[in-house]
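Observations on the model geometry
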Amino acid sequence: MKRTLSLLLTAALALSLLAGCGPKNPPAGSSAPVPGSSSSQPDKSGDASSGGDTSGASGPSIRFMALSGPTGVGAAKLMADHDADAQNSAIASYEIVTDNTQVQSALANGDVDVAAIATNAAASLYAKTDGGIQVLAVNTLGVLYILEKGDTVHNLADLAGKTLYAPSNTKGANPEHILNHLLEGSGVNPSDVSIEWLTPQEITAKMASSDSGICMLPVPAATALLVKDSAVREAISLSDAWQDLEGSPLPMGCVVARTEYIEKNPGEVEAFLAAYEASIDYIKGNEESSPLSGPSSPPALVAQYGFAPNADVAVRAIPQCSLTFITGQEMKTVLEDYYTILFQVEPKSIGGGLPYDSFYYGLG
């Protein structure tokens, strides 16, 4: 996608009106919260707090929230560090939720300070709150896969005339927009693909009972299906298809913070970013401290905090989660290219227009 197109669209907007796969419950004894609940640490009197700064005035103050899918995977070590030593961690509390709207609401209401969220949801919230949040880093690239029980689909053009099972919570959301854009780029009219919108559980059942099923799933749900049914194969990586079509990465997840919090706590934000990058490196196995096995290994932590059903699935899912840590000008370039395409496909998916420079942490 040409950068000039992004600039032209941005200029045009300036002249106009201003403007998944829920997690399993953690194993018994785990300190990870059930989705929708906050982690807590007991205070000196022994009473457990619920949210807010759980480590005292001299400790961290960041209230962190993550999605239960791949967008939150990179934070597993960050959470484990908090549970091991809250006073010296980069966050005061954390919460794991199952839907982007929960994250958007919590940020808009000031209930959390920093959150891992889908990139389009971040842009939409920026528009809705008049710049109330900023994006700190891209943390996840493409995680969508076309899986097949059979051997007839090798590229997107092969989907024409076929039935595709897809998660119902992606209807009208980014995965559908991404798929439609890629189909059109492959010369296929999206209407020529019959999509059945189902729950992940229904998709698994359909694939199990079919001799020739085709589905679109994100990691780790896609990984779990591959592990469960050896007859299912990975047919297409939509990340690879996007890269081939656009010549740029597919940024699907990011970490954002409330603008007010950033302005009042610049030091804590920088400390968080350092810890978060270290957490991603640990989960990816890029650090010497990342053990290959045991309760503190990356797969064990990803399973413990509910991002994968078990460590065996996590072993295969982590490489497919496309974990990354992109900041600064590179982050802005990658996101603007992506947002420009989404604006053409469905403006509402990013809040009606391209975000201004103030959306990008350190560049506004």
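Residues numbered from 1 in each chain as written. Predicted model: local features only at pLDDT ≥ 70, side-chain atom pairs only at ≥ 80, totals over all residues. Heavy atoms only, no water.

It is worth spelling out the overall build of the chain at this point. Within the chain, the regular secondary structure consists of 14 helices and eleven strands. Looking at the 364 residues of the chain, the share that counts as buried comes to 52%. Just so you have it, the chain exposes about 15,100 Å², and 51% of that area is on carbon and sulfur atoms. (Helix = DSSP H or I, 4+ residues; strand = E, 2+ residues; numbered from the N terminus. Buried < 20%, exposed > 50% of the residue type's maximum accessible area, 1.4 Å probe, protein only. Areas by Shrake-Rupley, 256 points an atom, 1.4 Å probe, with all protein chains shown as cover.)

As a further point, take helix α11 (residues 266-284). Compared with the 27 Å implied by 1.5 Å per residue over 19 residues, the 27 Å span of α11 between its first and last C-alpha is a close match. Of the positions making up α11, those classed as buried are Val269, Phe272, Leu273, Tyr276, Ser279, Ile280, Tyr282 and Ile283. Positioned one or two residues after α11, Gly285 has a phi angle of 85°, which is positive. (Expected span 1.5 Å × (residues − 1).)

What follows concerns empty space enclosed by the protein. Estimates place the volume of the largest cavity at around 30 Å³. Lining the largest cavity are Val73, Val219, Pro220, Val302, Phe307, Ala308, Ala314, Ala317, Ile318 and Cys321. Residues belonging to the lining of the largest cavity are distributed by class as follows: ten nonpolar, no polar and no charged. (1 Å grid on protein atoms, 1.4 Å probe; cavity = no way out; pocket = protein on both sides within 12 Å on 5 of 7 lines; lining within 4 Å. Points joined across faces, edges and corners; volume = space filled by probe spheres on them. Nonpolar A, V, L, I, M, F, W, Y, C, P; charged D, E, K, R; others polar.)

To continue, consider the pattern of salt bridges. What the rule picks out here adds up to ten salt bridges. The salt bridge involving Asp113 is made with Arg63; its shortest N-O contact spans 2.8 Å. With Asp113 in the loop between α4 (100-108) and β3 (114-118) and Arg63 in strand β1 (residues 63-67), the pair connects residues that are 50 residues apart, well separated along the chain. When sorted by exposure, Asp113 lands in the same class as Arg63, which is buried. Residues Lys77 and Asp81 are paired through a salt bridge, measuring 2.6 Å at the closest nitrogen-oxygen approach. Within this pair, Lys77 and its partner Asp81 are both found in helix α3 (residues 76-84), separated by four residues, close to a single helical turn. Here the salt bridges do not stand alone but share partners, grouping Arg63, Asp113, Arg258, Glu260 and Lys264 into one network. (Salt bridge = Lys/Arg side-chain N within 4 Å of Asp/Glu carboxyl O.)

A separate point is the packing of aromatic side chains. Taken as a whole and judged by the stated rule, the model has ten aromatic pairs. A centroid spacing of 5.7 Å and a plane angle of 70° characterise the contact between Trp242 and Tyr338, whose relative ring orientation is edge-to-face. In this pair, Trp242 sits in helix α9 (residues 238-246) while Tyr338 sits in helix α14 (residues 328-345), placing the two residues 96 residues apart along the sequence. Accessibility classification places Trp242 together with Tyr338 in one group, the buried group. Each member of the aromatic cluster is reached from another via a ring pair, and the members are Tyr126, Trp242, Tyr338, Tyr339, Phe359 and Tyr360. A cation over an aromatic ring shows up here: Lys77 above the ring of Tyr282, its NZ or CZ 4.7 Å from the ring centre. (Phe/Tyr/Trp six-rings, centres within 6.5 Å; stacked < 30°, edge-to-face > 60°. Lys NZ or Arg CZ within 6 Å of the ring centre and 35° of its normal.)

With mixed pairing, the six strands of this open sheet are ordered in space as β2-β1-β3-β10-β4-β11. Single-partner strands in this sheet number two, and they are β2 (93-97) and β11 (323-326). Neighbouring strand axes in the sheet, compared pairwise and without regard to direction, differ in orientation by 30° on average. Across two bridges, the pairing between strand β4 (residues 133-140) and β11 is antiparallel. Looking across to β11, one finds that Thr140 is bridged to Leu323. With respect to the sheet, α3 is in contact with β1 and β2, its orientation differing from that of β2 by roughly 135°. (Pairing = 2+ DSSP bridges. Axes fitted to C-alpha atoms, helices over the stretch in contact; angles between N-to-C directions. Contact = heavy atoms within 4.5 Å.)

This part takes up the pairing of strand β10 (residues 253-258). The element β10 is largely enclosed, with a buried count of six among its six residues. Neither face of β10 is exposed, since Gly253, Val255 and Ala257 on one face and Cys254, Val256 and Arg258 on the opposite face are all buried. Pairing geometry for β3 and β10, over five bridges, is antiparallel. By the bridge assignment for β10, Ile117 is matched with Cys254. Sheet analysis places β4 next to β10, joined by six bridges and oriented antiparallel. Bridge assignment links Val138 to a residue of β10, and that residue is Cys254.

The subject of this paragraph is the nonpolar core. Among the nonpolar cores identified, the biggest contains 109 residues, and Phe64, Leu136 and Phe272 are the most heavily contacted of them. With residues near it in sequence (within four places) discarded, Phe272 still touches Ile62, Phe64, Leu78, Ala90, Ile91, Val114, Leu136 and Val255. (Core = buried A, V, L, I, M, F, W, Y, C linked by side-chain atoms within 4.5 Å.)

As for its position among the elements, Ser105 is in helix α4. Once the C-alpha coordinates of Ser105 and Leu125 are considered, the two residues, 20 residues apart in sequence, prove to be 8.9 Å apart.

Counting through the fold element by element, Asn174 comes out in helix α6 (residues 174-185). A distance of 3.2 Å separates the side chain of Asn174 from the side chain of Asn120, its partner in a polar contact. Once you skip the residues sitting within four places of it in the chain, Asn174 turns out to touch Thr119, Asn120, Tyr338, Leu342 and Ser349. (Polar contact = N/O pair within 3.5 Å; in protein donor to acceptor, adjacent residues only side chain to side chain.)

The next point concerns the confidence of the model for the chain. Mean pLDDT for the chain: 84, with 84% of residues reaching 70 or above. pLDDT under 50 marks residues 1-56. Its contacts with residues more than four places away, or in other chains, come to 106 contacts. (pLDDT = per-residue confidence, 0-100.)

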